[in-house]
Amino acid sequence: MRKFTLLEGLVVPLDRANVDTDAIIPKQFLKSIKRSGFGPNAFDEWRYLDHGEPGMDNSKRPLNPDFVLNQPRYAGAQVLLARENFGCGSSREHAPWALEDFGLRVILAPSFADIFFNNCFKNGLLPIKLDAAIVDGLFKAVEANVGYTLKVDLERQLITTPDGQQIAFEVDAFRKHCLLNGLDDIGLTLQHVDDIKAFETKHRAAQPWLYA
Amino acid sequence: MSTKTLYDKLWDSHVVRQDADGTALIYIDRQLVHEVTSPQAFEGLKLAARKPWRVASLLATPDHNVPTTHRSGGVAGIADPISRLQVETLDANCAEFGVTEFKMGDIRQGVVHVMGPEQGATLPGMTVVCGDSHTSTHGAFAALAHGIGTSEVEHVMATQCLVAKKSKAMLVKVEGTLGRGVTAKDIALAVIGKIGTAGGTGYAIEFAGSAIGGLSMEGRMTLCNMAIEAGARAGMVACDDTTINYVKGRPFAPKPEQWDAAVAYWKTLHSDAGATFDATVELDAASIRPQVTWGTSPEMVTSIDGRVPDPALAPDAVKRGDWERALAYMGLTANTPINEIKVDKVFIGSCTNARIEDMRAAAAVAKGKKVAANVKLAMVVPGSGLVKAQAEAEGLDKILLEAGFEWREPGCSMCLAMNDDRLEPGERCASTSNRNFEGRQGQGGRTHLVSPEMAAAAAIAGHFVDVSKV
Ligand code: SF4
């Protein structure tokens, strides 16, 4: 997994609540058996005017000029600003794969759906929950200022705005550790093989029918 | 803590180790596998030269991409080459790693959340995961069940464990008797209407109360299936005789010599009297009416007696924007009575409502009637080959076919339209599935979530009707 330490990135505002994973990556792209290459189809139905299918040359497709991610002032954005319940719906990890492949590294929102939130951390994406009022303020600031960037410091758990204002954020200690060091969960868990085996012995004795 | 919730009991009995900050390794008893969220996990195992920790805990079936018509060509006959590759990849991975798989053509194949319980592969007291958000379905068996991402699919395959933190516990209590024509689906939608699609975020929900105790296992699965639409990763119902009787005799159920011990343990799987919850929501069963969603999120729901809401009356500006966008997408005008909304297609199926009881409910409404002329397609897609066979043994297929419904092969079908079953832009559908998101059933398609009874009644009338009055 790609490490995440410090980032200064352009912010793009996606001003709608309950953005679901079907919207982030429509189902026809889930047919891939790979992990990469989903970026050009992130938000496909909002981003393009035609209907997207796997295998199309996306560079030739008509873009929806009204969709915020297509606006030139937000080109190259690495920070997505969103509203509540971001990432709801299907558990598809293709959603964070698509966002990451698109170039995003941080998502700021008042709340996230649990599975999506979890999936982000496995893919080098940092989702940050902020107060709804702070998010609201950021929406106003981003829309008012072309080229608005934020500094996100995971080690210090601090976001710094262009005018020097600092916003502290919470992050789970274990997830922070994994993200800072780019650690693979499976390797970490396998350090506890003895614990797992001991549990299994006890569990099998208590509920032998689970092992029949 | 002397009194425990059901969730506490399930959690505590699966903690392998726990760090001071609450991050735990949870042991997983069962992982269900389908073709969409598993290929990258199997690939990860291969790249790291790992083997599944306990291969017998895995059970696979293809469901999302399988065609619901013309099965005669087998996997090779799947028209879309990319869908075909995904099903072939699942078959190849299962063969390579020794995973039990119910392939296309096997009567046991079906939507993963219908197939698992039907086989007895979901048992009370288990932890169950699947790379699919509707894994919450299995909580109906007093199991701790939730969806996981593909990285976690690989993690559970490799270690039999999941890294997790305990959620808060929410009690949703539904007391009383459901009215005529009111089902578990209506309870689920009413709960979501009440708490919102993020209302359960961070919680594991236990559904309890006399109305829940009165539901069949099929009904409880419908309810727990929709817990994820309320934002909760897991939904669950205590174990009782209904649970035990359902499990008895199924292929993966405990063998006779272990049965009594299993039942004795299962009977402890309920919240203790006096157990405390972090949140409680109460509903009166008698006041729940048949539900119909009008928007693009399951919380945008009202009853059949209701009207499409007016965005001008939304509680705040963000909601107003959401409602306006939803009405524009749905092609609806504020204040339209729900029972005047006409439908173009009807879909009865999905892991929410494609079990035998749902087939019976649809057939009971359709019996002796005809699908309305304005309905272009009314399709019934059983949740598994076994559901299909059972329905056919009861003659339900004949009733439905005579009424003008199509009777299909099992799979996810138009729940998410990954195969050929989909809505065309602008088409309006009465659907028994669980998500009405934009584009879910086909780009530009308009989904109204309802119970099987309500979907069948809409097919017959050509518009939504109060099934309690037909
Ligand atoms: S039926 Fe629908 S919700 Fe259920 S597993 Fe299939 S696609 Fe997902």
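Residues numbered from 1 in each chain as written. Chains lettered and ligands numbered in written order. Predicted model: local features only at pLDDT ≥ 70, side-chain atom pairs only at ≥ 80, totals over all residues. Heavy atoms only, no water.

*Asks:* Even after reading the chapter, I still don't get the overall build of chain B, so can you show me in this structure?
*Replies:* Within chain B one finds 15 helices and 19 strands. Against the compact-globule benchmark of 23 Å for 470 residues, chain B has a radius of gyration of 21 Å, which places it among compact chains. With the C-alpha coordinates of chain B rotated into their principal frame, the extents come out at 55 × 55 × 45 Å. Out of the 470 residues in chain B, the part that is buried amounts to 66%. Within chain B, contacts between residues separated by at least 24 positions form 76% of all contacts whose residues are at least 6 apart in sequence. (Helix = DSSP H or I, 4+ residues; strand = E, 2+ residues; numbered from the N terminus. Rg over C-alpha atoms; globule rule 2.2 N^0.38 Å. Buried < 20%, exposed > 50% of the residue type's maximum accessible area, 1.4 Å probe, protein only. Contact = heavy atoms within 4.5 Å.)

*Asks:* I tried to follow the sheet that holds strand β3 (residues 106–109) of chain A on my own but got confused; where do I start?
*Replies:* Strand pairing in a sheet relies on backbone hydrogen bonds, with the paired strands running either antiparallel or parallel. All names here are of chain A. Here we have seven strands laid out as an open sheet, ordered β4-β3-β2-β1-β5-β6-β7, and mixed in their pairing. Edge strands, defined here as strands with exactly one partner in the open sheet, are β4 (126–129) and β7 (166–168). Across the sheet, the mean angle from the axis of one strand to that of its neighbour is 30°, orientation sign disregarded. As judged from the three bridges shared by strand β6 (residues 158–160) and β7, these two strands associate in the antiparallel manner. Within β7, the position partnered with Leu158 by the bridge is Ala168. Sitting on the sheet, helix α4 (residues 114–121) touches β3 and β4, and the angle it makes with β4 is about 135°. (Pairing = 2+ DSSP bridges. Axes fitted to C-alpha atoms, helices over the stretch in contact; angles between N-to-C directions.)

*Asks:* Sorry if this is basic, but what is going on with the sheet that holds strand β4 (residues 58–60) of chain B here?
*Replies:* Residue and element names in this part refer to chain B. The strand order across the open sheet built from five strands is β5-β4-β3-β6-β7, with neighbouring strands paired in parallel fashion. Two strands lie at the open edges of the sheet, namely β5 (100–101) and β7 (144–147), each paired on one side alone. When strand β6 (residues 127–130) meets β7, the two strands line up parallel, connected through four bridges. Paired with Thr127 across the bridge in β7 is Leu144. Lying over the sheet, helix α5 (residues 150–159) contacts β3 (30–33), β4 and β6, oriented at roughly 135° with respect to β3.

*Asks:* Which parts of the structure should I look at to understand the nonpolar core?
*Replies:* The tendency in soluble globular proteins is for nonpolar side chains to be buried as a group. In this structure, Phe43(A), Phe86(A), Leu108(A), Leu126(A), Phe405(B) and Phe464(B) are the most contacted members of the largest nonpolar core, which totals 114 residues. For this core, the leading source of residues is helix α15 (residues 452–461) of chain B, giving seven residues. (Core = buried A, V, L, I, M, F, W, Y, C linked by side-chain atoms within 4.5 Å.)

*Asks:* Help me understand the site of the ligand, please; the structure alone is not making it clear to me.
*Replies:* Around the ligand, the surrounding shell consists of His64(B), Val111(B), His113(B), Asp132(B), His134(B), Ser350(B), Cys351(B), Cys412(B), Cys415(B), Leu416(B), Asn434(B) and Arg440(B). Grouping the amino acids of the shell around the ligand by side-chain chemistry returns five nonpolar, five polar and two charged. (Near = heavy atom within 4 Å. Nonpolar A, V, L, I, M, F, W, Y, C, P; charged D, E, K, R; others polar.)

*Asks:* When you look at the interface of chain A and chain B in this model, what are you seeing that I'm missing?
*Replies:* It is common to give the size of an interface as the accessible area that goes away when the parts come together. Across the boundary between the two partners, chain A contributes 57 residues, which contact 73 residues of chain B. Carbon and sulfur atoms make up 56% of the surface buried where chain A meets chain B, a total of about 5,400 Å² over both sides. Scanning the region where chain A abuts chain B turns up eight salt bridges. Here Lys122(A) and Glu152(B) are joined by a salt bridge, their closest N and O atoms 3.9 Å apart. Of all the secondary-structure elements, those providing two or more residues to the side of chain A that touches chain B are α2 (44–47), α3 (94–102), α4, α6 (173–181), α7 (185–189) and α8 (193–206) of chain A. Broken down by element, the residue count for the side of chain A that touches chain B peaks at seven residues, all from α8(A). Each residue belonging to the side of chain A that touches chain B can be placed in one class, and the counts come to 20 nonpolar, 16 polar and 21 charged. (Buried area = accessible area lost by both parts, 1.4 Å probe. Salt bridge = Lys/Arg side-chain N within 4 Å of Asp/Glu carboxyl O.)

*Asks:* Please clarify how the environment of Cys351(B) should be interpreted in this entry.
*Replies:* Residues and elements named next belong to chain B. Relative to the helices and strands, Cys351 is located in the loop between β15 (345–348) and α12 (356–366). Taking C-alpha positions, Cys351 is 25 Å from Glu175, a pair spaced 176 residues apart along the chain. When neighbours within four sequence positions are excluded, Cys351 is seen to be in contact with Val111, His113, Val114, His134, Asn225 and Asn434.

*Asks:* It is not clear to me how the side chain of Asn353(B) should be interpreted in this structure. Could you clarify?
*Replies:* Residues and elements named next belong to chain B. Within the fold, Asn353 resides in the loop between β15 and α12. Taking relative accessible area as the criterion, Asn353 reaches 2% and is therefore assigned buried. Here the side chain of Asn353 touches Lys185 through a polar contact of 2.9 Å, side chain to side chain. (Polar contact = N/O pair within 3.5 Å; in protein donor to acceptor, adjacent residues only side chain to side chain.)

So, to be careful, I would describe these as geometric facts and stop short of saying anything about function.
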